[in-house]
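Residues per chain, in single letters:
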Amino acid sequence: MPVLKGKELRVVGFLCNWCSYGGADTAGVGRFSQPTDLRIIRVPCSGRVDPMFVVKALLGGADGVLVSGCHPRDCHYSQGNFYARRRLETLKTFLPALGIDPDRFQYTWVSASEGQRWKNVVSTFVEKVHQLGHAPRIEEAAPYLPLAAGGDSPRAPLRPLAYPAAGTLAASLEQLREKIRAALPELDCVIGWQQGFDALHATPLFMRKPEDVDKLTWGPLNVHNLATYLPQFKNRKVGVVVKGCDSRSVIELLQEKLVEPDNVRVFGMACEGVVDMARVQKTLDAGNADGAMCADVAPAAVAAEGDGLTVEGEAPARLKLADVVAEKCRTCDTPVPLLGDVVEGNASAPAGPAPDAPPSLEVLDAMTPEQRRGFWRAQMDRCLRCYACRNACPMCVCRDHCIAESRDPHWTTQEGNVREKLQFQVIHALHLAGRCTECGECQRACPVNIPVLSLKQWMNRSVRTLFDYRAGVDVNAVPPLLAFAVEEKNIKEHGL
């Protein structure tokens, strides 16, 4: 029978075999009264508790999750609980993004001899979960789409977003081409951009011969992050053309040794922003200044000069770059590549300090927990589960062994329900904790425009707050979740 009054809830406990499981056993031998709501899973170490375990339990219907391991400096494996502390604290700050009350999850330390402490820990936590009641299910949340109801009003860009004059831009591009031609004999290929199936679209270009370099283009249509291709060229000498944001992905790949520094040549150009193709198409569909409809007319040429994008052809148009720029470019503070064997061009200076949060994160911040559950329920209802977000991510490198398609272990089913689809997105965000450079490729590649980048941005903010760390800035830095500190500056021990 439950010791606490009221209906028994579903509380999952992950206990370290060497300490906390022994502490629970000691409490049992000592006949200390304990709540019976807890379902214990014994693990070899708290460091073995992947945050995915906690998320799967909470999304699967658990009302609370407790993780307990050895006290710091008393780990059977020396450092397991130090790593666990960073991961679990990061997870705790991430749960509100999903509309989950962070009080439903707790981690603590209990030794094998602390039967009385275990009794107090489990009683306190279960009582807190009882006060919260049954956890609301994501499938039962009322759909909430604030942007659809209130309209999409983009924030003014941080920088003027003014491309140099056509002649200056062409001169910088030609200088870049010359540097690539000079380096090409030593490389298997150099990855850049070329015009796509029409003048309004650019596609990746793999330059292997000097004449291929003539096809290289530069401008706001170069939306792809070409660093995504680098891991496929591992152990081969390759060059890549990057924008400022793309250079952070290259740095992160070098930092994690997913590519070898001796095998990569980086050719950079200063960037004044890339367009959001959905916005461009929407603007063109609405007609140009003369009211001419041009949705089905392929433009003859597109040129970027100053703060605008000029579309030439049967239905000419002049688009203001600030109106159609990608959301990530509105708050970009790295227009010039942070890393590059060659860097050409100059970028405009920011008009003010960078905002505390990107626009999509501000939208999520403004919601209540219930609204966030409804928001993700509505967004995941639209998800096609095509994995385009994963395939476009430069840091998602374990595709052949992706947990989304693995049958051993079978973490996610192929059911098309909201919970399974949200669980995949959360796993993706957890895998990118301290690694995501916010290039926005996941969101750009989504065919139904789900704002999945906001999950990574929330996680990045947590990592920056806890560890004062920003991914993709320093090649020699160690990602915070791959390290630990005996005394954590910004993590307070949770008392239970």
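See above for the structure.
Residues numbered from 1 in each chain as written. Predicted model: local features only at pLDDT ≥ 70, side-chain atom pairs only at ≥ 80, totals over all residues. Heavy atoms only, no water.

Draft legend 1. Representation of helix H4 (residues 115–132) in the model. Taking 1.5 Å of rise per residue, 18 residues should cover 26 Å, and H4 covers 26 Å from first to last C-alpha, within 8% of that figure. Of all the positions in H4, only Gly115, Trp118, Val121, Val122, Ser123, Phe125, Val126, Val129 and His130 are classed as buried. The secondary structure elements touched by the buried residues of H4 are strand S1 (11–16), helix H1 (20–29), strand S2 (38–43), strand S3 (64–69) and strand S4 (105–109). In the stretch just after H4, Gly133 is the one whose phi turns positive, near 80°. (Helix = DSSP H or I, 4+ residues; strand = E, 2+ residues; numbered from the N terminus. Expected span 1.5 Å × (residues − 1). Buried < 20%, exposed > 50% of the residue type's maximum accessible area, 1.4 Å probe, protein only. Contact = heavy atoms within 4.5 Å.)

Draft legend 2. Region of interest: the packing of aromatic side chains. In this structure the tally under the stated criterion is 11 aromatic pairs. Taken together, a centroid distance of 5.0 Å and an interplanar angle of 10° make the contact between Phe82 and Phe484 stacked. Taken together, the residues Phe82 in helix H3 (residues 80–94) and Phe484 in the segment after helix H17 (453–467) connect sequence positions 402 residues apart. Judged by relative accessible area, Phe82 falls into the buried class, the value being 4%. (Phe/Tyr/Trp six-rings, centres within 6.5 Å; stacked < 30°, edge-to-face > 60°.)

Draft legend 3. Structural detail: the packing of helix H2 (residues 51–59) against helix H15 (residues 418–431). Put simply, H2 and H15 touch, their axes get as near as 10 Å, and they point 160° apart. With respect to H15, the axis of H2 lies roughly antiparallel. H2 and H15 meet at a crossing whose hand is right-handed. In this structure, H2 contributes Pro51, Met52, Val55, Lys56 and Leu59 to the contact, and H15 contributes Arg419, Leu422, Gln423, Val426, Ile427, Leu430 and His431. (Axes fitted to C-alpha atoms, helices over the stretch in contact; angles between N-to-C directions. Parallel < 35°, antiparallel > 145°, perpendicular 65-115°, else oblique. Left-handed = near helix turned anticlockwise from the far one by under 90°.)

Draft legend 4. Geometry of the nonpolar core. Val65, Phe94 and Phe105 are the most contacted members of the largest nonpolar core, which has 63 residues in total. Of all hydrophobic cores here, the second largest spans 61 residues; its members include Leu258, Met277, Ala326 and Cys396. (Core = buried A, V, L, I, M, F, W, Y, C linked by side-chain atoms within 4.5 Å.)

Draft legend 5. Local environment of the pattern of salt bridges. Evaluated as defined, the whole model comprises 25 salt bridges. Put simply, Glu8 and Arg39 hold a salt bridge, and the shortest N to O gap is 3.3 Å. In this pair, Glu8 is assigned in the segment before S1 and Arg39 in strand S2, connecting sequence segments 31 residues apart. Exposure remark for Glu8: the relative accessible area of 29% places this residue in the partly exposed category. The class for Arg39 is partly exposed, based on a relative accessible area of 44%. With a shortest N-O distance of 3.1 Å, Lys179 and Glu344 are connected by a salt bridge. With Lys179 in helix H6 (residues 166–183) and Glu344 in strand S12 (residues 342–344), the pair connects residues that are 165 residues apart, well separated along the chain. Three or more residues are tied together by salt bridges with common partners; here these are Glu174, Arg177, Glu178, Arg181 and Asp214. (Salt bridge = Lys/Arg side-chain N within 4 Å of Asp/Glu carboxyl O.)

Draft legend 6. Region of interest: the sheet that holds strand S5 (residues 189–195). Strand order in the open sheet made by the 5 strands is S6-S5-S7-S8-S12, with mixed pairing throughout. With one partner strand each, in any of the chains shown, strand S6 (202–207) and S12 form the two edges of the open sheet. In this sheet, neighbouring strand axes are inclined to one another by 25° on average, regardless of whether the strands run parallel or antiparallel. Note: S5 against strand S7 (residues 238–242), 3 bridges, orientation parallel. Note on S7: the bridge partner recorded for Ile191 is Val240. Seen against the sheet, helix H8 (residues 244–255) touches S5, S7 and strand S8 (264–269) and runs at an angle of roughly 145° to S7. (Pairing = 2+ DSSP bridges.)

Draft legend 7. Representation of the pairing of S3 within the structure. With 6 of 6 residues buried, S3 is to be regarded as a mostly interior element. In S3, alternate side chains face the same way, and those of Gly64, Leu66 and Ser68 on one face and Val65, Val67 and Gly69 on the other are all buried. Here S1 pairs with S3 via 5 bridges, running parallel. Note that in S3 the partner of Val11 across the bridge is Gly64. Direction of pairing for S3 relative to S4: parallel, over a ladder of 5 bridges. Its bridge partner lying in S4, Leu66 is registered against Gln106. Taken together, S3, H3 and S4 form a β-α-β motif whose crossover is right-handed. (Right-handed = clockwise from strand over helix to strand, strands pointing away.)

Draft legend 8. Region of interest: helix H9 (residues 277–285). Regarding H9, the residues found buried are Met277, Arg279, Val280 and Leu284. Seen from one end, H9 has its buried residues packed into an arc of 160°, which puts them on one side. Buried residues belonging to H9 abut strand S11 (317–320), helix H10 (321–324) and helix H11 (327–330). The N-cap residue of H9 is Asp276: its side-chain oxygen and the backbone nitrogen of Ala278 are 3.0 Å apart. (Arc of directions from axis to C-beta. Polar contact = N/O pair within 3.5 Å; in protein donor to acceptor, adjacent residues only side chain to side chain.)

Draft legend 9. Up close: the side chain of Lys421. With respect to the helices, strands and loops of the structure, Lys421 is situated in helix H15. Buried within the structure, Lys421 lacks any salt-bridge partner; its nearest side chain of opposite charge belongs to Asp381, at an N-O separation of 5.5 Å. In contact with Lys421, other than residues within four places in its own chain, are Met380, Asp381, Cys383, Arg385 and Gly416. (Lys, Arg positive; Asp, Glu negative; His and termini not counted.)

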